[in-house]
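Close look at the chain arrangement
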Number of protein chains: 2
Amino acid sequence: MHISKLTSTEAHLPFARWHGLPLESVRLSAGFWAAWQDTNRRVTLPHGLQMLEQAGTLDNFRVAAGFKDAPYRGAMTFHDSDVYKWLEAVAYELQANPDPVLRQQADEVIDLVAAAQQPDGYLNTYYQLVEPQSRWSDLDFGHELYCAGHLFEAAAAYTRATGTTRLLDVATRFADLLDATFGPGKREATSGHPVVELALVKLYRATGNARYLDLARFFVDVRGRGVMRGLGWLKSEYHQDRVPVREQDIVEGHAVRAMYLNAGVTDLYLETGEAALLAAMQRQWRDMTGGKMFVTGGLGSQYEGEAFGDAYELPSDQCYCETCAAIGNVFWNWRMLLATGEARFADLIERALFNGVLSGLSAAGDSFFYINPLLSRGGYARQPWYEVACCPPNLMRLLASLPQYFMSHDDGGLQVHLYGTGTAQLALESGQPLTLSMQTDYPWDGKIELRIDEADGSRWALRLRRPGWCTGAAVTVNGQPVDAPAVEAGYIVLDRAWQPGDVVQLDLPMEPTLVEAHPRVDAVRDSVSIQRGPVVYCVEEADHPGVNVMDLRLDENAPLRAVWREGLVGRGAMVVEASGAVADLSAWDGLLYRRAGKRGDLPLRPITLVAIPYHAWANRGANAMRVWIPRA
Amino acid sequence: MHISKLTSTEAHLPFARWHGLPLESVRLSAGFWAAWQDTNRRVTLPHGLQMLEQAGTLDNFRVAAGFKDAPYRGAMTFHDSDVYKWLEAVAYELQANPDPVLRQQADEVIDLVAAAQQPDGYLNTYYQLVEPQSRWSDLDFGHELYCAGHLFEAAAAYTRATGTTRLLDVATRFADLLDATFGPGKREATSGHPVVELALVKLYRATGNARYLDLARFFVDVRGRGVMRGLGWLKSEYHQDRVPVREQDIVEGHAVRAMYLNAGVTDLYLETGEAALLAAMQRQWRDMTGGKMFVTGGLGSQYEGEAFGDAYELPSDQCYCETCAAIGNVFWNWRMLLATGEARFADLIERALFNGVLSGLSAAGDSFFYINPLLSRGGYARQPWYEVACCPPNLMRLLASLPQYFMSHDDGGLQVHLYGTGTAQLALESGQPLTLSMQTDYPWDGKIELRIDEADGSRWALRLRRPGWCTGAAVTVNGQPVDAPAVEAGYIVLDRAWQPGDVVQLDLPMEPTLVEAHPRVDAVRDSVSIQRGPVVYCVEEADHPGVNVMDLRLDENAPLRAVWREGLVGRGAMVVEASGAVADLSAWDGLLYRRAGKRGDLPLRPITLVAIPYHAWANRGANAMRVWIPRA
């Protein structure tokens, strides 16, 4: 089976094992993610535009364009990027659901952006308004190339969605200036905060201009040679400048920067096939998933530098887990998935999406976490916006583009990575349409039905990801069990001639289970977390009135019960009940340290624990919460 | 018994329960602290002067004085304070051991300081050299009053030590300028970083000028009324400006700032007897010791804002525990001890000194920790100096002044708070001398012998602190056991007519014990630490070659053995050996999370653990280390 390359934006990647599908070809029509997409469309995107106005972020463009006379607003150099990410989100939204009002709003913003651009192509309202003499003077911390990157991403997406090139023209003018400024024999430097690398690859794909790909490669190659200065305790590893990319064995430094850079490096591999790049990515991936990733898919163990920590340094309360880092985790792993065709990367995308990404957004869609701890003693709440507002529009663009992560294709067939109710409409090289529909209550239920609605009868392989969390997956085709189906790299392979009306039923048993962490993860010693399917659970104060969640204990031997809780944080959710206990601390009154008693001498009172999805916490007030629960 | 008030610098405090002794009246002649004082004298103080030259901190005064033309050195506004703290340390040293070379060095530095002072009394080399138009423009973060405070402390100490008033004249000129600038109806503001409060009280005591006391009170009273702005995520509690001091119930914000402020507030109580001040201090003390203090006496749970955290938020690895905070803990508790006469405050002084303070200094005396974690995965080492070099000279002044914390007096007798080999020479109101000598190998041994060498035969009470860590203290007088001695507020009271030749023997049984933390201290769940006497122990990589200290486990039931280790980190130390185990992690190869097994299913291999004093760690390389050891 050959899906027409013309329909796939990423079909041209020469070294991809699998290829992405056009965003508009996959639609989520109902269920979990469709509801979040709907919230994003109705609430989050309009809220974002309002906040960009309130914060003065749009005014900065008006002032730079000469439409208004006012000082630069905001304390940071990189507020422009918030506008670009909002535009990118709108582009994905328009691609799936053209909406004249939204289109009009975006076009007006694009007019501002275009008007603010300087004649030579330069565009950064902070430097234009505040430090016009300091252009390119602080690449390490000034974020000019970072803002440029987000502009390029938005432009590529907007052009694809609308066919207009107004923003793309802005982007290529700026990119041409970068190309004239940076490179071998020119200015040999790069950005302290990566994103321009992956963005230039996108711009290359959107325009076919290979100079952008070359520049992306240059920005990668120049790193790790001491081109950046530190700042106080932030050393070279903070911005991935300690060793050259091809020699890097570990993830370190600022987590978002690391993820964005790795996404760009993997993009370079997908374009060039340079084995050393992929090998370095594989080493970093092993290092990250072997000791530097939270169970939620969150990344960043330290406030200091918003950084990865040592291996196994994964504190529940003082973790950073910036929403953008979990999103960056998705970006990087998507590219690794395309490069390798291995389910472990899709597993990680799923882990991050359902947990460490989604926790960043309130159920109502109008407030955000920047930091996503796995334990709160109370008092921590989402905010409508931030002085550093990178996370909110990052969530918007991820949710708007979410369908692209559900499926991919290669010459031999289709791969399904994520599960949700919706449809895929593709064009086969035969000229015939291929349409599939998927029906499921995932992640609350593990039964998934795929139906072939249109097909040309040719033989091709349908690959269904068997999630890493799942044991005992069962599959039927047209009601007939497939015994011991072939499994390759974590995907169940159904290779046959598909006919309209064919139905595949996949059953992923979804019992609540207890998960434990590597014994060197000191922070969660003697504790377990509850997981059900891809969803990580937590216990929250709201479900245990009068009890301090720090005193809760979980009986590792007692059964766990999944119970549907109608209306929980709006949409309803599966909660997990468990036999637990509350520690009686009366003997400790006023004491902080004492001569040690025997292990287990703390009196416990039985209680039923109620665990809710981690992503749903802090929607009923700034409750205390914990993911990891000490064993009773 | 009445000790002549003339001999006591702090005898005049009208609301002190107990009074300090003149620094020079108590001398440590041998043993643990005498060795550290000797290192301070021979190594640390000269090293400090050298570093102040290298860092340009002294040059800043030369430039401000017009002796040199150069830019301001250092990235901070408060480097001047390092010079003042070094001078204060030298003053204490000179008071005990007049040394012409050291005196000459200090006098030359004082000449620079005096020459740098502006005609109106203002003195701050940063503002003079870098922002001369910005004087007093940033009290929240600019540290002008903080530097002034350290100048005042140094001046009071130097004048007392040498009888010269050159530095005191500089201080009072500056203080008079402050008095003319700040106060009710004048500029109603205060310093973001406290210390000027306690320093003005010292200046009042040194000069008798009550305006300095009034100004100290003003700087305290004005707090907590929103006089300070925040900075990013640093809110009003960061610099103790959330509520007025008298309404404050908890310790919060920047730990060093909180300790310095509380020391100043307690000084105000000691001068004024205002009950509301002492009550607020008692509340804060309960909050701190009930949930916000590390077992080492270290303070500050968060890198963000170098701040106290929530109650029971006491991470071993990501704690801050700035050396200055532990020193501030000593400062505050000494004043609380004088105010109340309760041993719990002296217990805390001892806990901080032997552990969280002393860990800040290398055994060789020439490198320092700024942050003192209770767990290191390796790679963390003391530095010869810091860009923010507050901690090194703070250690110098504390060690040089250490004898002042050993004893106090009141009209009824003498109190012994700390134990070490040395002598006390006092003058009684009878005109007769009172001299005592103390002989002990404390903290390695709990046997202490006190001998009355000279006395006038009058009756008075000798109070000996019975440490909170001790059970079964025994005491003899002239070889006769004192059965069930009176104990008041943690002090054994021996009230009798003392004659020359009387000998008191105190035996504080010093068995190694296991300590556990309150169950809400999530970070040390299911773990114990080893303590022997006042010394907190840790396990360090150097004593467990080939073993990751993260894999060590301790059998809570096995005996602990104290063993003298000759030469350990130079001076020798008592180590503690214990039956422990190493976890076998082979089943976890490559895994970070997995379906939970049964508790205790991790294979363990027996090993003998060797624990060394926490303060001695990181003297054999940047070893991995942990204080809290999981139970086997």
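Remember, it's a predicted structure, so these values are computed and weren't measured experimentally. (Residues numbered from 1 in each chain as written. Chains lettered and ligands numbered in written order. Predicted model: local features only at pLDDT ≥ 70, side-chain atom pairs only at ≥ 80, totals over all residues. Heavy atoms only, no water.)

Looking at the overall build of chain A
From N to C terminus, chain A includes 14 helices and 24 strands. Whereas a compact globule of 632 residues would reach a radius of gyration of roughly 26 Å, chain A reaches 25 Å, a difference of no more than 12%. When the backbone C-alpha atoms are referred to their principal axes, chain A occupies close to 75 × 65 × 50 Å. For chain A, buried positions account for 65% of its 632 residues. Sequence-distant contacts, at least 24 apart, represent 70% of the contacts inside chain A between residues at least 6 apart. Carbon together with sulfur atoms contributes 49% to the accessible area of chain A, which is approximately 20400 Å² in total. Distance from the positive charge centre (58 side chains) to the negative charge centre (76 side chains) of chain A: 3 Å. (Helix = DSSP H or I, 4+ residues; strand = E, 2+ residues; numbered from the N terminus. Rg over C-alpha atoms; globule rule 2.2 N^0.38 Å. Buried < 20%, exposed > 50% of the residue type's maximum accessible area, 1.4 Å probe, protein only. Contact = heavy atoms within 4.5 Å. Areas by Shrake-Rupley, 256 points an atom, 1.4 Å probe, with all protein chains shown as cover. Lys, Arg positive; Asp, Glu negative; His and termini not counted. Charge placed at Lys NZ, Arg CZ, Asp CG, Glu CD.)

Brief notes about the environment of Glu93 of chain A
Residue and element names in this part refer to chain A. Considering the arrangement of structural elements, one finds Glu93 in helix α3 (residues 80–96). The class of Glu93 is buried, set by a relative accessible area of 3%. Here the alpha-carbon distance between Glu93 and Asn40, two residues 53 residues apart in the chain, equals 9.3 Å. Not counting residues up to four positions away in its chain, the partners in contact with Glu93 are Arg41, Leu45, Pro98, Leu102 and Ala400.

Some words on the pairing of strand β14 (residues 503–507) of chain A
Residue and element names in this part refer to chain A. Relative to β14, strand β8 (residues 447–454) runs antiparallel, the two sharing five bridges. Note on β14: the bridge partner recorded for Lys447 is Asp507. Note that strand β10 (residues 474–477) and β14 share four bridges and pair antiparallel. Directly across from Ala474, in β14, lies its bridge partner Asp507. (Pairing = 2+ DSSP bridges.)

Observations regarding helix α12 (residues 323–340) of chain A
Residue and element names in this part refer to chain A. Between its terminal C-alpha atoms α12 stretches 26 Å, which fits the 26 Å expected from 18 residues at 1.5 Å a residue. Burial analysis of α12 places 18 of its 18 residues in the buried class, which makes it a mostly covered element. In the stretch just after α12, Gly341 is the one whose phi turns positive, near 70°. (Expected span 1.5 Å × (residues − 1).)

Re the pairing of strand β15 (residues 512–517) of chain B
Burial of β15 of chain B is extensive: six of the six residues sit out of reach of the surface. Burial along β15 of chain B is two-sided: Pro512, Leu514 and Glu516 of chain B and Thr513, Val515 and Ala517 of chain B, pointing in opposite directions, are all buried. In terms of strand pairing, strand β21 (residues 593–595) of chain A meets β15 of chain B through three bridges, oriented antiparallel. Within β15 of chain B, the position partnered with Arg595 of chain A by the bridge is Val515 of chain B. Here β15 of chain B pairs with strand β16 (residues 527–532) of chain B via four bridges, running antiparallel. Each bridged residue has a counterpart across the sheet, and for Val515 of chain B the counterpart in β16 of chain B is Ser529 of chain B.

Notes on the packing of helix α9 (residues 210–221) of chain A against helix α10 (residues 255–272) of chain A
For any two helices packed against each other, one specifies the crossing angle of their axes together with the interaxial distance. Residues and elements named next belong to chain A. In contact at an axis separation of 10 Å, α9 and α10 are set at 130° when each is read in the N-to-C sense. In terms of orientation, α9 lies oblique with respect to α10. Seen along the crossing, α9 lies across α10 with a hand that is left-handed. For the pair α9 and α10, contact is made by Leu213, Ala216, Arg217 and Val220 and by Leu261, Val265, Leu268, Glu271 and Thr272, respectively. Residue classes in the contact of α9 with α10 are distributed as six nonpolar, one polar and two charged. (Axes fitted to C-alpha atoms, helices over the stretch in contact; angles between N-to-C directions. Parallel < 35°, antiparallel > 145°, perpendicular 65-115°, else oblique. Left-handed = near helix turned anticlockwise from the far one by under 90°. Nonpolar A, V, L, I, M, F, W, Y, C, P; charged D, E, K, R; others polar.)

Here we look at the pattern of salt bridges
All names here are of chain A. Taken as a whole and judged by the stated rule, the model has 96 salt bridges over all chains. For the salt bridge of Arg62 with Glu53, the shortest nitrogen-to-oxygen distance reads 2.7 Å. Using a relative accessible area of 21% as the deciding quantity, one classes Arg62 as partly exposed. Exposure remark for Glu53: the relative accessible area of 33% places this residue in the partly exposed category. Where Asp59 meets Lys68, a salt bridge forms, and the shortest distance between an N and an O atom there is 2.7 Å. The exposure class assigned to Asp59 is buried, which follows from its relative accessible area of 13%. (Salt bridge = Lys/Arg side-chain N within 4 Å of Asp/Glu carboxyl O.)

Quick word on the relation of the copies chain B and chain A
Taken as rigid bodies, chain B and chain A are interconverted by a rotation of 180° and an axial shift of 0.0 Å, the fit giving an RMSD of 0.0 Å. The operation mapping one copy onto its partner corresponds to a two-fold rotation axis. Taking the C-alpha atom as reference, chain B places Ala523 of chain B closest to the rotation axis, 2.9 Å from it. Interface residue correspondence from chain B to chain A reaches 100%, placing this contact among same-surface, isologous pairings. (Least-squares fit on C-alpha atoms with pLDDT ≥ 70 in both.)

Quick look at the domain arrangement of chain A
All names here are of chain A. Looking at chain A, the domain boundaries give domain 1 (19–406), domain 2 (408–507) and domain 3 (514–630). Of note, the centres of domain 1 and domain 2, computed from C-alpha atoms alone, are 32 Å apart. Taken together, the contact pairs 23 residues of domain 1 with 28 residues of domain 2. Summed over both partners, the interface of domain 1 with domain 2 buries about 2000 Å², with 61% contributed by carbon and sulfur atoms. By the criterion of area lost to domain 2, the three top residues of domain 1 are His19, Glu350 and Phe406, representing 30% of everything that side buries. Linking domain 1 with domain 2 are two salt bridges. At the boundary of domain 1 with domain 2, the tally comes to twelve residue pairs in polar contact (both at pLDDT 80 or more). Mapped by element, the contributors of at least two residues to the side of domain 1 that touches domain 2 are β1 (19–20), β2 (26–30), α12 and α13 (343–357). Among the elements that line the side of domain 1 that touches domain 2, the one with the most residues is α13, at six residues. (Domains from an automatic or database assignment. Buried area = accessible area lost by both parts, 1.4 Å probe. Polar contact = N/O pair within 3.5 Å; in protein donor to acceptor, adjacent residues only side chain to side chain.)

Quick word on unusual backbone geometry
Cis peptide bonds are those with omega within 30 degrees of zero, and the linkage from Tyr442 of chain A to Pro443 of chain A qualifies with 5°. In this fold, Pro443 of chain A is placed in the loop between β7 (433–440) and β8. Its identity as a non-glycine residue notwithstanding, His143 of chain A has a phi of 65°, on the positive side. Phi angles above zero are rare outside glycine, and Val569 of chain B is one such case at about 40°. Here Val569 of chain B shows up in the loop between β19 (560–565) and β20 (573–583).

Re the interface of chain B and chain A
Where the parts come together, the accessible area they lose is often given as the size of the interface. Counting from both sides, the interface comprises 68 residues of chain B and, opposite them, 68 residues of chain A. Together, the buried faces of chain B and chain A total about 5400 Å²; carbon and sulfur atoms form 50% of this surface. A salt bridge links Asp526 of chain B to Arg599 of chain A; the nearest nitrogen and oxygen atoms lie 2.5 Å apart. On inspection of chain B and its partner chain A, the count reaches 35 residue pairs in polar contact (both at pLDDT 80 or more). Among the secondary structure elements, those contributing two or more residues to the side of chain B that touches chain A are α11 (275–291), β15, β16 and β21 (593–595) of chain B. Here the side of chain B that touches chain A takes five residues from β15 of chain B, the largest share from any one element. Split by residue class, the side of chain B that touches chain A holds 34 nonpolar, 14 polar and 20 charged.

Re the packing of aromatic side chains
A full pass over the atoms with the stated rule returns 66 aromatic pairs over all chains. Between Phe15 of chain A and Tyr269 of chain A, the ring centres sit 6.5 Å apart and the planes meet at 50°, which makes this aromatic pair tilted. Highlighted residues: Phe15 of chain A in the segment before β1 and Tyr269 of chain A in helix α10, separated in sequence by 254 residues. On the basis of relative accessible area, Tyr269 of chain A is assigned to the buried category, the value being 13%. Measuring from centroid to centroid gives 6.3 Å for Phe78 of chain B and Tyr146 of chain B, while their planes differ by 80°, and the two rings are edge-to-face. Here Tyr146 of chain B lies in helix α6 (residues 144–162) and Phe78 of chain B lies in the loop between α2 (57–65) and α3 (80–96), a separation of 68 residues in the sequence. Considered together, Phe78 of chain B and Tyr146 of chain B belong to a single accessibility category, that of buried residues. Through pairs of rings, three or more aromatic residues link up here, namely Phe32, Trp33, Phe354, Tyr419, Tyr442, Trp444 and Trp564 of chain A. Over the face of the ring belonging to Trp36 of chain A we find Arg571 of chain A, whose NZ or CZ atom lies 4.1 Å from the ring centre. (Phe/Tyr/Trp six-rings, centres within 6.5 Å; stacked < 30°, edge-to-face > 60°. Lys NZ or Arg CZ within 6 Å of the ring centre and 35° of its normal.)

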